[in-house]
Amino acid sequence: MPYIIGIDLGTTNSCVAVFKDGQPVVIPNKGGYKTTPSIVAISENDKRLVGYVAKRQAITNAEHTVYAAKRLIGRRYNSEIVEKIKNMVPYKLVEGSNGDVRVELRGRVYSIPEISSMILQEMKLIAESMLNEPVNKAVITVPAYFNDAQRQATRDAGTIAGLEVEAIINEPTAAALAYGYGKNINRRIAVYDIGGGTFDISIVDVAGENFKVISTAGDSFLGGEDIDNRIMDYCISTFMQETGIDLRQDAVAMQRLKEAAEKAKCDLSVLTSTEISIPFITTDSKNNPLHLKITLTRDFLEEISKSIIEKTFTICDTALKSANISKSTIKDVLLVGGQSRMPMVARMVKEYFGIDPSKRIHPDEAVAIGAAIKGHMLQSHQSHAKLVDVTSHSLGIMVAGGYFSPLIEKNTAIPTKKTRIFTTVKDNQEQVKIIVLQGESKRCEENELLGEFILNGLRKGPRGSVEIEVTFEINSDGIVMVSAKDIKTGLKQEIIVTATSGLTEEEIQRMAEENRDYLLETKVSEDFEKYRYESRKMIEEVDSILNRLKDTMGKDEFFRELLGKVDRSRENLEKAIKEKNLESLIEELEVFKRIYKMCKSLSSKG
Ligand SMILES: Nc1ncnc2c1ncn2[C@@H]1O[C@H](COP(=O)(O)OP(=O)(O)OP(=O)(O)O)[C@@H](O)[C@H]1O
Ligand SMILES: [Mg+2]
């Protein structure tokens, strides 16, 4: 049976797992790492770079390197959040034809699902290279707090990457599966997930093979990056005081600072003090180089990040309150997400819940593992496990006076279908406009618009006499369908809500089509691997010949010259390998082969 892989598409890092030989396993990338940076870049020669290769060149190519794309997915260009992100990232954001936000890299505009698809495709390749077969099916995770547009856009990203998305599941729910699947556990747990960009809390009742989410809440703009930003702000203002120079004006300096800030933060999870040191960060008015050197202690870091972590508990309060349960009913707390490694987080979580966090799951891998388990559940007839998730937002329509009338309350188990009858507000009203919103406010303008449509040609009648049945349906991926029907005449209109806000079907098709060309790219990288392997072998062989000859010929001038040639040529080879430049790798390998021949003939003489 073909594999269904599980992908945790993270803001900062992504992870892929699969259910194989009776258990879920995380699949490491070529470098042996179990997570891959969610970073995409377009290089100077228009090459797509994804993951570690993209991360490594981010400093020198900041404007064309996209990180944290997940914060943008499914968002509109004119939204407040996008406005805020615009000032934080070095890459350029532009408005798409549908009003969605897109990025411009080296003169080409990419939709966010397209950027995410490149990451998904990378994860697919990682899986394929381990499984040794093509992979076409996946379960992808999203934050529980993702709205309909964000879920739909993530699904689109999967399609563009050439994956059939078998399910979209919530990250904390996946973590709960990783924790309890096959372990016969019976208790109520909380999943506290703090990653790079999002915070999620879910309360899940685990009863053997049944996993029932009873409440979820979150903030898709709260996570480790906020802490990095606080560190950066501190460094920028300290540097400003010392030198009068505003580093914000310098994209390269900002990128270096961002990396250094994050590294310092992670170091402080084990150390109590560290130094942020960035030599030659900029120059003064006389062109003298300036260096940044700032000491950061764990205490100070905790002081500046405390309010960020405190915010998470306000959200936990909301989750408990909306489920109408008390903290004391929770018997285990799972810490998920890289940011939960900060000692203060574990301490504050313990204080809040009054219990030590569970050590059963791996904070970086649990979500992908859970997605792989879900993939297995979909496929296997032996598995009787049942997973019930909930909606994270209330959904409804606008009624007279600009009020929001929810049809589906948040934390309702999905899939679900709800119907309610509305009536006309005017005599002989011929049409109604159904405005679909999501949110928790009574006032529509404070909620998020999901879409709208018109039901025309209503039967004429006095105000209040024409009844319209509105139905909301949410499938198990959390995607919403709305329909309206004139009850007497049976006249009906319906929409899949996000059809208006994201990419069009044609666009997705076109992108998937274009993406096929990138399969060539994969082939090229296979070639690259071949040449790299050959280079390594050749270097090894040359080294061993020279080693043998060293004792007898060490003083010979020709030999010494040859050593110099070998060094230079090896350096060029290493450079081509490091830059993943196939053309120059082939060229340099040719040069190195000539040197190899020289060594060989020397060795046969010697
Ligand atoms: N040892 C550590 N100490 C503190 N923070 C860490 C540590 N390791 C990683 N982090 C932080 O964790 C965050 C990344 O976490 P993770 O990889 O779980 O996020 P993600 O899954 O990409 O994001 P999200 O779940 O928000 O979409 C980053 O902000 C990173 O700096
Ligand atoms: Mg995550």
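Residues numbered from 1 in each chain as written. Chains lettered and ligands numbered in written order. Predicted model: local features only at pLDDT ≥ 70, side-chain atom pairs only at ≥ 80, totals over all residues.

Asks: Summarise the sheet that holds strand β9 (residues 101–105); cite the residues concerned and give the values.
Replies: Pairing within the open sheet is antiparallel, and its 3 strands lie in the order β8-β9-β10. The open sheet has two edge strands with one neighbour each: β8 (92–95) and β10 (108–111). For this sheet, the mean angle separating the axes of adjacent strands, direction not counted, is 45°. Docked against the sheet, helix α3 (residues 112–131) engages β9 and β10, running at close to 80° with respect to β10. (Pairing = 2+ DSSP bridges. Helix = DSSP H or I, 4+ residues; strand = E, 2+ residues; numbered from the N terminus. Axes fitted to C-alpha atoms, helices over the stretch in contact; angles between N-to-C directions. Contact = placed C-beta atoms within 7 Å.)

Asks: So, the site of ligand 1: which residues are in play, and what are the values?
Replies: Looking at ligand 1, there are 23 residues lining it, with G10, T11, G195, G224 and G338 nearest. Only α6 (224–243) and α7 (251–267) provide two or more residues apiece to the shell around ligand 1. At 3 residues, α7 tops the list of elements feeding residues into the shell around ligand 1. Looking at the shell around ligand 1 residue by residue, the class counts come to 2 nonpolar, 15 polar and 6 charged. Built from parts of two domains, the shell around ligand 1 gets at least three residues from each of domain 1 (4–223 + 307–389) and domain 2 (224–305). (Near = placed C-beta within 6 Å. Nonpolar A, V, L, I, M, F, W, Y, C, P; charged D, E, K, R; others polar. Domains from an automatic or database assignment.)

Asks: How would you explain the environment of Y192 if you had to name every residue and give the values?
Replies: Here Y192 is to be found in strand β13 (residues 186–194). Taking the C-alpha atoms as reference points, Y192 and G218, separated by 26 residues in sequence, lie 9.7 Å from one another. Not counting the four nearest positions on each side in its chain, Y192 is found in contact with I201, V333, L334, L335, V336, S340 and V349.

Asks: How would you summarise α3 if you had to cite specific residues and measurements?
Replies: Helix length check: α3, at 20 residues, gives a terminal C-alpha distance of 29 Å against a target of 28 Å (1.5 Å per residue), a fit within 8%. Judged by how many residues are buried, α3 sits mostly within the fold: 16 of 20 residues are covered. (Expected span 1.5 Å × (residues − 1). Buried ≥ 20, exposed ≤ 12 C-beta atoms within 10 Å, placed from the backbone.)

Asks: Got a sec to walk through the sheet that holds strand β6 (residues 48–50)? Specific residues and values, please.
Replies: One open sheet accounts for 3 strands, arranged β6-β5-β7; its pairing is antiparallel. Lying at the two open borders of the sheet, with one neighbouring strand each, are β6 and β7 (65–66). Where strand β5 (residues 40–42) lies against β7, 2 bridges are found, and the strand directions are antiparallel. The residue bridging V40 from the neighbouring strand is V66, located in β7.

Asks: I'd love a proper account of the packing of helix α8 (residues 298–323) against helix α9 (residues 343–353), names of residues and values included.
Replies: Orientation of α8 relative to α9, taken along the N-to-C sense of each, is 40°, at an axis distance of 11 Å. Put simply, α8 runs oblique to α9. For the pair α8 and α9, the sense of crossing is right-handed. Along the contact surface, α8 presents E302, I309, F313 and C316, while α9 presents M344, V345, M348 and Y352. (Parallel < 35°, antiparallel > 145°, perpendicular 65-115°, else oblique. Left-handed = near helix turned anticlockwise from the far one by under 90°.)

Asks: Describe the packing of helix α5 (residues 171–180) against helix α10 (residues 366–379), and please don't skip the residues or the numbers.
Replies: Interhelical geometry of α5 versus α10 gives an angle of 80° and a closest axis separation of 7 Å. When the axis of α5 is compared with that of α10, the two are roughly perpendicular. Between α5 and α10, the residues in contact are E171, A174, A175, A176, L177, A178 and Y179 and A366, V367, I369, G370, A371, I373 and K374, respectively. Taken together, the residues that form the contact of α5 with α10 break down as 11 nonpolar, 1 polar and 2 charged.

Asks: How would you summarise the domain arrangement of the chain if you had to cite specific residues and measurements?
Replies: Under the domain assignment used here, the chain contains domain 1 (4–223 + 307–389), domain 2 (224–305), domain 3 (395–503) and domain 4 (506–605). Measuring from the centre of the C-alpha atoms in domain 2 to the corresponding centre in domain 3 gives 50 Å.

Asks: Could you give an account of helix α12 (residues 557–578), with specific residues and numbers?
Replies: For α12, which comprises 22 residues, the first-to-last C-alpha distance of 32 Å matches the rise-based estimate of 32 Å (1.5 Å per residue) to within 8%. By the burial criterion, the buried members of α12 are V566, S569, L573 and A576. Buried positions in α12, seen along its axis, are confined to an arc of 90° and lie on one side of it. Across from the buried face of α12, at angles greater than 90 degrees, the exposed residues are E557, R560, G564, D567, R568, E571 and K578. (Arc of directions from axis to C-beta.)

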